[in-house]
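Observations on the three-dimensional arrangement
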There are 2 protein chains.
Amino acid sequence: MDNIASTNFENVGPFTRAWEWLKALPVRLWAMAVGFANKMKKLGQDDPRRIVHSLKVGVAITLVSLFYYVRPLFDRFRENGIWAVLTVVLVFEFSVGATLGKGLNRMLATLSGGALAVGVDQVATLFDGTGQPIVLGILVFIIVATVTFMRFFPALKARYDYGLMIFILTFCLVSVSSYQDDEILDMACQRLYTIIIGCFIAIIVCICVRPVWIGESLQNQIANNLEKLGNFLEGFGREYFRLSEEGHSTDDDKSFLHGYKSVLTSKDKEEAMANLARWEFWHYRFGFRHPWNRYLKVGALTQQCAYKIEDLNSYLKYFEIQATPTEFRREIHEPCTKICSESGKALKELASAIKKMRRSTSVINYHIENSKIAAENLMSMLNMTSRWDNANLREIIPTAAVGLILIDIVPCTEKIVEAFQELASRARFESMDDRVSPIDDV
Amino acid sequence: MDNIASTNFENVGPFTRAWEWLKALPVRLWAMAVGFANKMKKLGQDDPRRIVHSLKVGVAITLVSLFYYVRPLFDRFRENGIWAVLTVVLVFEFSVGATLGKGLNRMLATLSGGALAVGVDQVATLFDGTGQPIVLGILVFIIVATVTFMRFFPALKARYDYGLMIFILTFCLVSVSSYQDDEILDMACQRLYTIIIGCFIAIIVCICVRPVWIGESLQNQIANNLEKLGNFLEGFGREYFRLSEEGHSTDDDKSFLHGYKSVLTSKDKEEAMANLARWEFWHYRFGFRHPWNRYLKVGALTQQCAYKIEDLNSYLKYFEIQATPTEFRREIHEPCTKICSESGKALKELASAIKKMRRSTSVINYHIENSKIAAENLMSMLNMTSRWDNANLREIIPTAAVGLILIDIVPCTEKIVEAFQELASRARFESMDDRVSPIDDV
């Protein structure tokens, strides 16, 4: 039947097909529009800051277009006011750090690029008619090629890439147009003023209307990653040993077992965020010399820990296949769950300490010490080989491998705590140890 | 002594210190300049394409500035020629894909943004004096906020983010300046022409002078990643079992053991490259519908394999500490090295097949089959528990864990081969099987 239908369809003329397609078009377009609107709604619900950002950009553009609508302002700047509009569109970013970084880059680059262009223009005017464009061309070529090459420097690329581009841009605009325009100094100054005005409008709107501080986002991201690992470890302890005691687990929420996956690939994102956060020296809590590198250190160690957790997870899948509880697994059950729960708690305590910017190390150290003791117990159990002489090696090996990974995770969390302590002392986190006693908490 | 010296230094006046600092300044500046020059030299030596790129940008800018230097051209476009210069600076990127993407985005966005602005201007002129800027302001606000919000769509952000920004830019420029300028249509057209000219100059210089195709780079990156894993596996087999037979290894080149690390975090980079590669539909080998998603699939599976290799590596470190050769390790030596060498060869064959765009699957399948046989042997060895009843469990477990990971790696490489075969058939790789016989090659 299908075959006949398709043959029939192929036999009809191209006009009939086109007509069918056209008839279906309004329905399709409507479905597309509805789908698009739904997606937009979801996007806004996922992160309402996006809607705020869009409105902020609209406000900033409306503000800056007053340069055209208000007569006295327009008379002062004339068509150069357009550079202010352009600047707001180009500089206004989602986070304060990105906006500040772009704004400062743009202002400095316009200043230095314009100054160099005026200098080059002075050199070129020393030559006569035909010589002038040739000298100008050669100088422009040399400077553009050099600065373009400088953009490949990793250190410059990370923070000043936009500035170098605007430097080239301003330099080209001013020096090239200097050949046909005699009021070059005036033009460079006008451009600089309007760009400064545009940058300030963008920065002020960005900071004053519900600002998104990327430093805060980075701090939350680092804390959330630690929390994800903590959730995994706690859940793994429960899941793995429930499996061995009750057979297959029921289908309740296991999302915590996948949460850690995003941690594995968050390195680039964290570095980019730290680079932007460095511009946010006006933030009341972070200040000028906030140790963003220390956050990256904690983040890198968290990722190392996440790799180990990826291992654990692969063993968990393995056990879902052969879910027969073994005696060996029951034997090492206690220290394993202890390591999981104590390391998990330590990581979650760390996460909340980072979020609240507090130095509550005694609770964390308490959990770390517990997990170290459990790891030593497990180690000595694994070394008592005589106890499992007649056990099935095929069953012992994966369980023992899980034990070894768990033992490995303990020094890993310890390193994270050390990195946190360095961060806390450098960033002058509030000390809270006197108020909370570890005994109360546990 | 140190203490006294520092006290002395602290006691001298600020002027003396400033003078000391000033005296040392030329030497420091010279050292900085030399260091900078050396870094630039190294950057150029690492990738000479960077130097070529810088020169290409210089050439394109010089070409486009002819609009100012050549009188008839200047008379045609007047100051609007500056948009062409601006376009070349903004659009010219390192790879052809990025330049094409930005160029097409910019041209389309300028066209559509300008058209919408002219339409908005027509609506605004229906109102009288005071009403006009208010209506204009409201419409600009709504459209700017909506398009800014659309930039958050993941699908649009990946490929059209620049276009949406330029759309906002052009729309604002044309509609805002329409309030003071009556020749708005003429202005929009002039801007469009000059931007098209700028884009074409950038694209032509980018393609004609030693082009960098990002599709090729992506293909090489995927192949190199596979090669790194292959090298690791081959090296791991040698290293691990030489350790157990001859004690500590000598200090020869072990760089292959770290090469795989970069594979773990290459996902974002590969996705960005694939997005840019989609613009390169003029490339003679890749064409319009080259299956870049399939490359990403191979890349993702390669990363999964790299995680397993990260595990193996951690065991290698473990063994450098307790380097006593065990009987058990000697027992399973043969299938383990076989898996390593055969999987390694398969991955390296795959890498060269991708680089040459050839479909030489029979050699690869031959290695895969060998590794599968070895994995089965190893599995049955591990299952014969009776043989190691009185062995030391502490010594057996890590070795057996290595064995289990190696067994896991075999289906992993098989999946990569499957993904490659799909890629090869979609991308119409050249079939080479009839020419090479697997026996000759091995």
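What counts, and at which threshold
All residue numbers refer to position in the chain's written sequence, counted from 1. Chains carry letters from A onward and ligands carry numbers from 1 onward, assigned in written order. A pLDDT threshold of at least 70 governs which residues receive local features in this predicted model, and a stricter bar of 80 or more applies before side-chain atom pairs are shown or counted, although totals over entire chains, interfaces and linings include all residues. Side-chain descriptors were evaluated using all non-hydrogen atoms of the structure, hydrogens and water having been removed beforehand. In plain words, nonpolar cores are sets of buried Ala, Val, Leu, Ile, Met, Phe, Trp, Tyr and Cys residues tied together by side-chain atoms within 4.5 Å. Here's how the labels work: a residue is buried when its accessible area is under 20% of the maximum for its type, exposed when over 50%, partly exposed in between, all with a 1.4 Å probe on protein chains only. When checking whether two residues touch, look at their non-hydrogen atoms; a contact exists if any pair is within 4.5 Å. A cavity here means a set of 1 Å grid points, computed over protein atoms only, where a 1.4 Å probe fits but cannot escape. A pocket is an open set with protein on both sides within 12 Å along at least 5 of 7 lines, and lining residues have an atom within 4 Å of a point. Grid points are joined across faces, edges and corners, and a volume is the space filled by probe spheres set on the points. Each helix is a run of H or I in the DSSP string that is no shorter than four residues. Each strand is a run of E no shorter than two, and both are numbered from the N terminus. The residue classification treats Ala, Val, Leu, Ile, Met, Phe, Trp, Tyr, Cys and Pro as nonpolar and Asp, Glu, Lys and Arg as charged. All others, Gly included, are polar. All domain edges in this entry derive from an automatic or database-based domain assignment. Once two parts are put together, the accessible area they lose, assessed with a 1.4 Å probe and summed over both, is termed the buried area. Whenever Lys or Arg places a side-chain nitrogen within 4 Å of a carboxyl oxygen from Asp or Glu, that contact is recorded as a salt bridge. For the least-squares superposition of copies, only C-alpha atoms count, and only for residues with pLDDT at least 70 in both. What qualifies as a polar contact is a pair of N or O atoms within 3.5 Å, subject to a donor-acceptor requirement within protein and to the restriction that residues adjacent in sequence count only when both atoms come from side chains. UniProt positions are given in the numbering used here, feature names are shortened, and annotations may be inferred rather than shown by experiment. What counts as a ring pair is set by centres within 6.5 Å for rings of Phe, Tyr and Trp (its six-membered ring), and what kind of pair is set by the plane angle: stacked under 30 degrees, edge-to-face over 60, tilted for all other angles. Any Lys NZ or Arg CZ found within 6 Å of a ring centre and within 35 degrees of that ring's normal is scored as a charge over the ring.

Core analysis: the biggest nonpolar cluster contains 138 residues, and Tyr295 and Leu312 of chain A together with Tyr295 and Leu312 of chain B have the highest contact counts within it. Discounting chain neighbours no more than four positions away, the residues touching tyrosine 295 of chain B are Leu218, Gln219, Ile222, His290, Ile354, Met357, Leu423 and Phe429 of chain B. One finds Tyr69 of chain A together with Val57, Ile61 and Cys199 of chain B within the second-largest nonpolar core, a separate group that totals 110 residues.

Of the volumes computed, that of the second largest pocket is approximately 1000 Å³. Glu79, Asn80 and Trp83 of chain A together with Glu79 and Asn80 of chain B are, among the 36 residues lining the second largest pocket, the residues nearest its centre. Among the secondary structure elements, those contributing two or more residues to the lining of the second largest pocket are helix 5 (71–77), helix 6 (81–91), helix 9 (154–177) and helix 10 (184–208) of chain A together with helix 5 (71–77), helix 6 (81–91), helix 9 (154–177) and helix 10 (184–208) of chain B. Looking at the lining of the second largest pocket residue by residue, the class counts come to 14 nonpolar, eight polar and 14 charged.

Here we take up the environment of methionine 379 of chain A. Summarising the element assignment, methionine 379 of chain A is placed in helix 17 (residues 361–383). Separated by 44 residues in the primary sequence, methionine 379 of chain A and proline 335 of chain A have C-alpha atoms spaced 9.3 Å apart.

Residues and elements named next belong to chain A. Each assigned domain of chain A is listed here: domain 1 (51–208) and domain 2 (214–441). Each side of the interface is counted separately: domain 1 has 13 residues, and domain 2 has eight residues. For the domain 1 and domain 2 pair, buried surface summed over both sides reaches about 900 Å², with 74% attributable to carbon and sulfur atoms. One can count zero salt bridges joining domain 1 with domain 2.

This part takes up the side chain of serine 371 of chain A. Mapped onto the secondary structure, serine 371 of chain A falls in helix 17. Not counting the four nearest positions on each side in its chain, serine 371 of chain A is found in contact with Ile339, Glu342, Ser343 and Val410 of chain A.

Attention shifts here to the relation of the copies chain A and chain B. With an RMSD of 0.1 Å, the fit of chain A onto chain B corresponds to turning through 180° and sliding 0.0 Å along the axis. Classification of the inter-copy transformation places it as that of a two-fold axis. Both copies share a contact surface, since 99% of the interface residues of chain A are interface residues in chain B too.

Tallying the contact residues gives 73 residues for chain A and 72 residues for chain B. Here chain A is connected to chain B by zero salt bridges. The tally of links between chain A and chain B comes to two residue pairs in polar contact (both at pLDDT 80 or more). Here the side of chain A that touches chain B takes eleven residues from helix 8 (residues 131–150) of chain A, the largest share from any one element. Taken together, the residues that form the side of chain A that touches chain B break down as 50 nonpolar, 15 polar and eight charged.

With that settled, consider the UniProt feature "transmembrane region" (unreviewed entry) in chain A. Residues and elements named next belong to chain A. The UniProt feature table records "transmembrane region" (unreviewed entry) at residues 51–70, 82–101, 133–153, 160–180 and 192–213. Across residues 82–101, the secondary structure splits into 80% helix and 0% strand, with the terminal C-alpha atoms separated by 22 Å. Between the end C-alpha atoms of residues 160–180 there is a gap of 31 Å, over a span that is 86% helix and 0% strand.

Moving on to the packing of aromatic side chains. Tallying each qualifying case throughout the model produces 19 aromatic pairs over all chains. Each ring, one from phenylalanine 153 of chain A and one from phenylalanine 36 of chain B, has its centre 5.0 Å from the other, and the planes form 0°; the classification is stacked. With phenylalanine 153 of chain A in the loop between helix 8 and helix 9 and phenylalanine 36 of chain B in helix 2 (residues 14–46), this pair bridges two chains. Grouped by ring-pair contacts, the aromatic residues Phe94 of chain A together with Phe149 and Phe152 of chain B constitute a single cluster. The residue whose ring lies beneath arginine 191 of chain A is tryptophan 83 of chain A, and the NZ or CZ to ring-centre distance is 4.4 Å.

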